[in-house]
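Chain by chain, the residues run as shown.
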Amino acid sequence: MIPGVFEYHRPSTITEAAGLLTRFGDDARVLAGGHSLIPMMKLRVANPEHLIDLQDVGELKGVSITSDEISIGAMVTQHELIQNDALASAVPIIREAALQIADPQVRYVGTIGGNVANGDPGNDMPGLMQCLDASYEVAGDKGTRRIAAREFYEGAFFTALADDEILTRIVIAKPQAGSGYAYEKQKRKIGDYATAAAAVIVGPGIGSIAMTNLGDTPIWSAGANDALAKGDVDGAVNAVMAAISPASDNRGPAEFKKHLAGVILRRAIERAQGRAN
Amino acid sequence: MTEAAQTREERATALKGLGTARKRVEDVRFTQGKGNYVDDIKLDGMLFGDFVRSPYAHAKVLSINTEAATALPGVVAVLTAADLEPLGLHWMPTLAGDKQMVLADGKVLFQGQEVAFVIAEDRYIAADAVELVEVEYEEQPVIVDPFKALEPDAPVLREDIRDQLEGAHGPRKHNNHIFTWEQGDKAATEAVLAGADVVAEEMVYYHRTHPCPLETCGCVASMDKVNGKLTLYGTFQAPHAVRTVASLISGIAEHNIRVISPDIGGGFGNKVGVYPGYICSVVASIVTGKPVKWVEDRIENLTSTAFARDYWMKGKIAATKDGKITGLWCHTTADHGAFDACADPTKFPAGFMNICTGSYDIPTAYLSVDGVYTNKAPGGVAYRCSFRVTEAAYFIERMIEVLAIKLGMDAAELRRINFIRADQFPYQSALGWEYDSGNYHAAWEKAMKAVDYEGLRAEQAKRLEDFKAGKTRKLMGIGLTHFTEIVGAGPVKNCDILGLGMFDSCEIRIHPTGSAIARLGTISQGQGHATTFAQILASEIGIPADDITVEEGDTDTAPYGLGTYGSRSTPVAGAATAMAGRKIRAKAQMIAAYLLEVHDDDVEFDVDRFVVKGAPERFKTMKEIAFASYNQAIPGVEPGLEAVSYYDPPNMTYPFGAYVCVVDVDVDTGVTDIRQFYALDDCGTRINPMIIEGQVHGGLTEALAIAMGQEMAYDEIGNVKTATLMDFFWPSPFETPNYQTDWTTTPSPHHPIGAKGVGESPNVGGVPCFSNAVHDAFRPFGLTQTNMPHDHWRVWKVAHDLGLHG
Ligand SMILES: Cc1cc2nc3c(=O)[nH]c(=O)nc-3n(C[C@H](O)[C@H](O)[C@H](O)COP(=O)(O)OP(=O)(O)OC[C@H]3O[C@@H](n4cnc5c(N)ncnc54)[C@H](O)[C@@H]3O)c2cc1C
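Residues numbered from 1 in each chain as written. Chains lettered and ligands numbered in written order. Predicted model: local features only at pLDDT ≥ 70, side-chain atom pairs only at ≥ 80, totals over all residues. Heavy atoms only, no water.

Under an unreviewed UniProt entry, the name given to chain B is Carbon monoxide dehydrogenase large chain, and the source organism is Stappia sediminis.

For chain A, the name recorded in an unreviewed UniProt entry is Xanthine dehydrogenase family protein subunit M, with Stappia sediminis as its organism.

Right under this line is the structure:
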């Protein structure tokens, strides 16, 4: 459990960080909270020669909330997401989901940017961001662009982010007034990733569902959303069930996870509906 | 207040002796982060070792190329079996009479096996060099199933003992067979089964798990070439035994070896055995003349050091139609992994599995155990239980439940009918043990009353009705267990490890000013010996526990002992402590009599002093006596006040307990919620109730882990699937239920203070209790047996297979 040799860099601006990424290309990785990357380095699954620590980049911090939009800096920790009351009242599902990530120690350092950028199908935030239809602002040497969360994930640990780009902010439109929400997650213990998890937003004419750890990427289906928006819960569940493809692992065989996904999703929808008005 | 003015009770309270909930003296340093563990040891010029390990579970090693690794700056040497062979150290003896490769000798037999040992100037360079060692393997067919291992055409795993028909424990009937161990009367048992009203039969599997102590295993070996002395610091549960073994295998004279166990962060049996890392570190230190540190990481600890359990227990239990048990039959297939490295007393290759008649008066019984080699890590240690006692308890407590189902009887009542009665002690069991004392019926009734057993059953019936009516998806289960342990190994006449009798020891020195130091042959790994042994002594010799230092773990200073595991410290070393204390007291009596100018027989011990019989105002306190022992010439009495006792226990002790667990089971998700757990323990005389409660909480939480999720899982080609704490279940406070603890007190008649030991009871009794609760929830739907661990998917699968998902 000892990582290989690497150089450590500590830029203080996005431009500086992007410059380092361009310079070292494939050999470099940015480091946020390190709670996904460092374990991989200790297992020598990841062997970056240059580690670019983002913790001094002030531009990547802070949460700003306007009347219709929320912008969260990539380096905001999961703990900060939970602590932020204004954020919790604007988009309460974020606090509910963040509280189900890992344990307090991980959440003190793990960031939202690292969580969504990593592309780990086990991470909770990617599915949540798809449910919320968030978009990611990314910056590189060639400038900035926005990528929709629903288009960001290409496969396990593969994303639309280019090697020399940094994810800077996450932008979320405020959910419509009156909508209900629920984040339902089953895991083996505190500190474990989901066996199955469901993010649901539902309200008059609105429906959005995303599922976590039931395929290589988060599961989001337009058909399910349409059905849910119309109040057709069975239709929504069926559409999601058709889209998932869980793998067997220590959390259980695929057969179990499929069944569980349906149970978890129905419970999330029911809870979300109970909160809608 | 002067000493004389204190009442007797006040003086007794001031001692903080037996029965006091004295705070743990160890915690002052632990809670401040000031413990001193092996990895805290830093010696001048210290080098670091790290292992190249096998990625395969079974392969030939065709070549090992260490050139690139050796060339890396900072690398001092890379050892392989070829380097150890001239020293005769490429293999080492195991505690079970087998031998084990120190470094791969032409072959690897489990994933994670040690292949080469890199020694470097720093820990990071060592890890980098490990990557540079090139090993060429040729994969061989892998066996992870002990039943397949015994098939006639199974591949031979241990080429080194191919066709050897005699093993350390008798005849071998197959190349992958280690031993067969038989106890009891086979013919009589089979006759009982044949003629019984009812026979219940079941295969009970206790899965492979791992003690996984918080601190992994490690050592620092330091060979001083000037004076020829080897100092070996390590995470050893039995430091003296390690010294003797180290001397026997290295040829270094035993007086030139000093073994030190510093603070140990949990052992649970994992730190009893001898590991290749110790041998390699010692050799490396001898070769380089520098201290060498080796400390495992978590993956190495889980994949290569001693596992626990992995017992397939086929059982048959016979009874009359009204539930009186008439016979018990058990055949166990024991998966020992690649080498037989169990840490059992020599004459007990399956430990004390023959305690499997449990708390019941079973007149006829038979047990046989087949030990088998597979391509898994070696071990088979007592994970917080006396040797194989938790397997035995799980087996009998499952068989009782299975029998209750067959008889259509309440399982609490079935136990009641069959308990050994209080008037039957000392009780001779059909499988050869003499139970020292017990009052099972009293404990059982207390437990049933405490949880309102009838009320729970009524609630469960109502829940079932609601479930059937579609009003809930949660079933309720009530788990029962009455376990009997056998701990405190043990009498030298039948208990030894590598020929070393399993006595233990205590040496006491009283200082002139009336404080004391006691040294023992045991070693605490969290049990709180420094706290409790001082309490035993305080009551014996009248010196306050706060004035007594308890020291363990340094073989140059501590008297010889066999260490701490199998709940043996209190039964054996605790007894030695009391006996040494009594020697001190006897001498103190002579001194007191001299000082008081009366005959020895005219003084008597009174809490913290000797008083003249009939004249309590004439006394000498232990403090005064201590000083006198150093400054007075007393005719016929040697100066000083010291004693040592080596205690050979006349028998084991037999702690017992009655546990009840209530669980809610969500049949759709497999999620279980332990909503109540009641644990009544009878450990004989209670030394420190607070420490007992702490031990029970910890042991129950380990039991929860084992029953509900913890396992060492392998895939069919021998890859370990649970090598990190992400997959190897360690409960956090969130998963841990509240425990209600309770007790009865039935002292051991043969132990000097009547104490029996408690450290392991909760693991032994907890596992069947959690498991029985899950089983019980599904009993109305026809479940008789399902394997642990009862994690979400397995519980879900039970519900699914029983048709509960519609
Ligand atoms: C025990 C444990 C349990 C966990 N359980 C959960 C869980 O249940 N659910 C869950 O969602 N997560 C879980 N996690 C993961 C945790 O939330 C991580 O902290 C998070 O996934 C990654 O965030 P980080 O800031 O630590 O990122 P890092 O580990 O620093 O980085 C992760 C990856 O993202 C890249 N990256 C980071 N920031 C950026 C950026 N701004 N732009 C571009 N690339 C970037 C890095 O280069 C790296 O490849 C767990 C972690 C642990 C250790």
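Don't stop here, the text continues.
Asks: Now, about the overall build of chain B: what can you tell me, with residues and values included?
Replies: If you tally the helices and strands in chain B, you get 20 helices and 35 strands. Its C-alpha atoms give chain B a radius of gyration of 28 Å, near enough to 28 Å, the size a compact globule of 806 residues would have. Principal-axis analysis of the C-alpha atoms places the extent of chain B at approximately 85 × 75 × 50 Å. When contacts within chain B are restricted to residue pairs at least 6 apart in sequence, long-range pairs at least 24 apart make up 79% of them. Accessible surface computed for chain B: about 27700 Å², of which carbon and sulfur atoms make up 53%. Here chain B contributes 72 positively and 105 negatively charged side chains, and the mean placements of these two sets differ by 3 Å. (Helix = DSSP H or I, 4+ residues; strand = E, 2+ residues; numbered from the N terminus. Rg over C-alpha atoms; globule rule 2.2 N^0.38 Å. Contact = heavy atoms within 4.5 Å. Areas by Shrake-Rupley, 256 points an atom, 1.4 Å probe, with all protein chains shown as cover. Lys, Arg positive; Asp, Glu negative; His and termini not counted. Charge placed at Lys NZ, Arg CZ, Asp CG, Glu CD.)

Asks: Account for a negative patch on the surface, with residues named and values stated.
Replies: Where like charges cluster on the molecular surface, the negative patch consists of Asp26(A), Asp27(A), Glu49(A) and Asp163(A). Accessibility expressed as a relative area gives 44% for Glu49(A), which makes it partly exposed. (Patch = residues over 30% accessible without salt bridge, like charges linked within 9 Å, V, L, I, M, F, W, Y side chains within 5 Å. Salt bridge = Lys/Arg side-chain N within 4 Å of Asp/Glu carboxyl O. Buried < 20%, exposed > 50% of the residue type's maximum accessible area, 1.4 Å probe, protein only.)

Asks: Account for the interface of chain B and chain A, with residues named and values stated.
Replies: Taken together, the 25 residues of chain B in the interface contact 25 residues of chain A. Contact between chain B and chain A buries roughly 2300 Å² in total, counting both sides, with carbon and sulfur atoms accounting for 60%. In terms of surface lost to chain A, no three residues of chain B exceed Met726(B), Trp793(B) and Trp796(B), which account for 25% of the buried area on that side. At the boundary of chain B and chain A, one finds four salt bridges. The partner of Arg44(A) in a salt bridge is Glu131(B), and the shortest N-O contact between them spans 3.9 Å. The tally of links from chain B across to chain A stands at 12 residue pairs in polar contact (both at pLDDT 80 or more). Of all the secondary structure elements, the ones that give two or more residues to the side of chain B that touches chain A are α5 (123-132) and α20 (792-801) of chain B. It is α5(B) that provides the largest number of residues to the side of chain B that touches chain A, a total of five residues. (Buried area = accessible area lost by both parts, 1.4 Å probe. Polar contact = N/O pair within 3.5 Å; in protein donor to acceptor, adjacent residues only side chain to side chain.)

Asks: Now, about the sheet that holds strand β13 (residues 206-212) of chain A: what can you tell me, with residues and values included?
Replies: Residues and elements named next belong to chain A. Pairing within the open sheet is antiparallel, and its four strands lie in the order β11-β12-β13-β14. What marks the edges here is a single partner per strand, and that holds for β11 (180-186) and β14 (219-220). In this structure, β11 lies alongside strand β12 (residues 196-203), joined through seven bridges in antiparallel fashion. Across the sheet, residue Ala182 finds its bridge partner in β12, namely Val200. Each of β11, β12, β13 and β14 touches helix α8 (residues 124-131); the most contacted strand, β13, lies at about 165 degrees to it. (Pairing = 2+ DSSP bridges. Axes fitted to C-alpha atoms, helices over the stretch in contact; angles between N-to-C directions.)

Asks: I'd like to hear about the site of the ligand, residue by residue, with values.
Replies: Surveying the vicinity of the ligand reveals 31 residues, the closest of which are Val30(A), Gly33(A), Gly34(A), Thr111(A) and Asp124(A). Residues near the ligand are shared among chains A and B, making this a multi-chain site. Taking Arg29(A), its side chain carries an N or O atom lying 2.9 Å from an oxygen atom of the ligand. Here an oxygen atom of the ligand sits 3.2 Å away from a polar atom, N or O, in the main chain of Asp192(A). Contact with the protein chains covers 93% of the free accessible surface of the ligand, which is 960 Å². Every element with two or more residues in the shell around the ligand is listed here: β2 (28-31), α7 (112-117) and β10 (166-173) of chain A. (Near = heavy atom within 4 Å.)

Asks: Describe helix α1 (residues 14-24) of chain A, and please don't skip the residues or the numbers.
Replies: All names here are of chain A. Regarding α1, the residues found buried are Ile14, Ala17, Ala18, Leu20, Leu21 and Phe24. One face of α1 carries all of its buried residues, which in axial projection span an arc of 155 degrees. Looking at α1, the residues exposed on the side facing more than 90 degrees away from the buried face are Thr15 and Arg23. Contacts made by the buried residues of α1 are with β1 (7-9), β2, β3 (50-53), β6 (135-140) and β10. One or two steps after α1, the chain reaches Gly25, where phi turns positive at roughly 50 degrees. (Arc of directions from axis to C-beta.)

Asks: Which residues make up the domain arrangement of chain A, and what are the values?
Replies: Interfaces are often sized by the amount of accessible area the parts lose when they come together. Residue and element names in this part refer to chain A. Partitioning chain A into domains gives domain 1 (7-53), domain 2 (61-173) and domain 3 (180-275). Of note, the centres of domain 1 and domain 2, computed from C-alpha atoms alone, are 19 Å apart. Counting residues at the interface gives 13 residues for domain 1, matched by 15 residues for domain 2. At the surface where domain 1 touches domain 2, the tally comes to zero salt bridges. Taken together, the connections running from domain 1 to domain 2 amount to two residue pairs in polar contact (both at pLDDT 80 or more). Residue contributions to the side of domain 1 that touches domain 2 peak at six residues, all from α1. Of the residues assigned to the side of domain 1 that touches domain 2, the class counts are seven nonpolar, five polar and one charged. (Domains from an automatic or database assignment. Nonpolar A, V, L, I, M, F, W, Y, C, P; charged D, E, K, R; others polar.)

Asks: So what about the packing of helix α11 (residues 389-407) of chain B against helix α19 (residues 761-778) of chain B? Which residues, and what values?
Replies: Residues and elements named next belong to chain B. Here α11 crosses α19 at 30 degrees, and the two axes come no closer than 8 Å. In terms of orientation, α11 lies roughly parallel with respect to α19. Crossing of α11 over α19 shows right-handed handedness. For the pair α11 and α19, contact is made by Val389, Thr390, Ala393, Tyr394, Glu397, Arg398 and Glu401 and by Asn763, Val764, Val767, Pro768, Ser771, Asn772 and His775, respectively. Split by residue class, the contact of α11 with α19 holds six nonpolar, five polar and three charged. (Parallel < 35°, antiparallel > 145°, perpendicular 65-115°, else oblique. Left-handed = near helix turned anticlockwise from the far one by under 90°.)

Asks: I'd like to hear about the UniProt feature "domain: Aldehyde oxidase/xanthine dehydrogenase a/b hammerhead" (unreviewed entry) in chain B, residue by residue, with values.
Replies: Under the present numbering, the feature "domain: Aldehyde oxidase/xanthine dehydrogenase a/b hammerhead" (unreviewed entry) in UniProt falls on residues 32-141 of chain B. Helix makes up 17% of residues 32-141 of chain B and strand 36%, and the two end C-alpha atoms of the span are 51 Å apart. (UniProt positions renumbered as here; feature names shortened; annotations may be inferred.)

Asks: How would you sum up the pairing of strand β35 (residues 740-743) of chain B? Please name residues and give values.
Replies: Here four bridges tie strand β34 (residues 672-682) of chain B to β35(B), and the two strands are oriented parallel to one another. Each residue of the ladder has a partner; that of Ala679(B), found in β35(B), is Thr741(B).

Asks: Lay out the nonpolar core in plain terms, naming residues and giving numbers.
Replies: All names here are of chain B. Membership of the largest hydrophobic core comes to 183 residues, with the highest contact counts inside it found for Phe352, Met353, Phe770 and Phe778. In terms of residue count, the dominant contributor to this core is α11 (12 residues). Aside from chain neighbours lying at most four places away, what touches Met353 is Tyr311, Met313, Cys330, Thr332, Leu367, Val369, Phe387, Arg388, Glu391, Ala392 and Phe395. Judged by nonpolar contacts, the second largest core, of 47 residues, contains Ala573, Ala578, Ala580 and Ala588. (Core = buried A, V, L, I, M, F, W, Y, C linked by side-chain atoms within 4.5 Å.)

Asks: Any details on the sheet that holds strand β2 (residues 59-65) of chain B? Residues and values, ideally.
Replies: Residues and elements named next belong to chain B. The sheet built from three strands is open, its strands ordered β6-β2-β8 with antiparallel pairing. Two strands bound the open sheet, and with one partner strand each, they are β6 (107-108) and β8 (134-139). In this sheet, β6 lies alongside β2 in antiparallel orientation, the contact comprising two bridges. Looking at β6, one finds that Lys60 is bridged to Lys107.

Asks: Tell me about the pattern of salt bridges, and please be specific about residues and values.
Replies: Residues and elements named next belong to chain B. Going through the model one piece at a time under the given rule, you end up with 73 salt bridges over all chains. The salt bridge partner of Arg582 is Glu540, with a shortest N-O separation of 3.0 Å. Here Arg582, found in helix α16 (residues 569-596), pairs with Glu540, found in helix α15 (residues 529-541); they are 42 residues apart in sequence, far enough to count as distant. By relative accessible area, which is 7% here, Glu540 ends up buried.

Asks: Describe empty space enclosed by the protein, with residues and values.
Replies: Residues and elements named next belong to chain B. In the structure shown here, the tally under the stated rule is six cavities of 30 Å³ or more. Here the largest cavity defines a volume of roughly 160 Å³. Those elements giving two or more residues to the lining of the largest cavity turn out to be β14 (229-234), α8 (239-250) and α9 (276-288). When residues in the lining of the largest cavity are grouped by element, the largest group, five residues, is from α8. Broken down by class, the residue content of the lining of the largest cavity amounts to 12 nonpolar, one polar and no charged. Each pocket or cavity is described by its volume, and for the second largest cavity that value is around 120 Å³. (1 Å grid on protein atoms, 1.4 Å probe; cavity = no way out; pocket = protein on both sides within 12 Å on 5 of 7 lines; lining within 4 Å. Points joined across faces, edges and corners; volume = space filled by probe spheres on them.)

Asks: I'd love a proper account of the environment of Ala210(A), names of residues and values included.
Replies: Residues and elements named next belong to chain A. Structurally, the position occupied by Ala210 is in strand β13. Note on Ala210: relative accessible area 1%, which makes it buried. In this structure the C-alpha to C-alpha distance between Ala210 and Val200, which are 10 residues apart in sequence, comes to 6.8 Å. Among residues more than four places away in sequence, those in contact with Ala210 are Gly127, Gln130, Cys131, Ala197, Ala198, Ala199 and Ile219.

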